[in-house]
Amino acid sequence: MPTSPQFYRVLTHLCYWPLLILVSLWHSLPDSAPASLPTTLSLLFWVLPLLFPLPGLIRGKPYTHAWANFILMLYFLHALTTLWTHPDERIWAALELLFAVGAFIGATGFARYKGRELGLGLKKLNDQD
């Protein structure tokens, strides 16, 4: 596996932006939102979380890449659930899963290797027995 932070940053962006576009398109379709939920509210619910880490991802901040993974897990779980429960939306869900996993791997790798490069991270505790 590559250890270059730049590789993982590119991977994050190659998957994060398509995920944002996919989610925006998918949930703007009239058939995708439940009947009781307006399209605008559905879009707000699904797109807004992806916008929170965007400034830090663009600037290349390792800490933002690390916590963005918590948000990506929402889309990972949504994709897996949709694959199982909605056969007519499997293409959308498979793409969402692919992009969420790619962005997760990219963000994790970038946070790890860029953090090491910058000397960030958790310090090991000394054994005090």
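About the cut-offs
Residues numbered from 1 in each chain as written. Predicted model: local features only at pLDDT ≥ 70, side-chain atom pairs only at ≥ 80, totals over all residues. Heavy atoms only, no water. Phe/Tyr/Trp six-rings, centres within 6.5 Å; stacked < 30°, edge-to-face > 60°. Buried < 20%, exposed > 50% of the residue type's maximum accessible area, 1.4 Å probe, protein only.

For the chain, an unreviewed UniProt entry supplies the name DUF2069 domain-containing protein and the organism Idiomarina piscisalsi.

Enquirer: What's the story with the packing of aromatic side chains in this structure? I'm lost.
Expert: Where two aromatic rings form a pair, the distance of their centres and the angle of their planes describe that pair. In the structure shown here, the tally under the stated rule is five aromatic pairs. On the basis of an interplanar angle of 85° and a centroid distance of 5.1 Å, the ring pair of F7 and Y8 is categorised as edge-to-face. Given the relative accessible area of 41%, F7 is considered partly exposed. Exposure remark for Y8: the relative accessible area of 4% places this residue in the buried category. On the basis of an interplanar angle of 90° and a centroid distance of 5.0 Å, the ring pair of F45 and W46 is categorised as edge-to-face. Note on F45: relative accessible area 48%, which makes it partly exposed. In this structure W46 comes out as buried when scored by relative accessible area, which is 12%. By the ring-pair criterion, three or more aromatic residues cluster together here, those being F7, Y8 and Y113.

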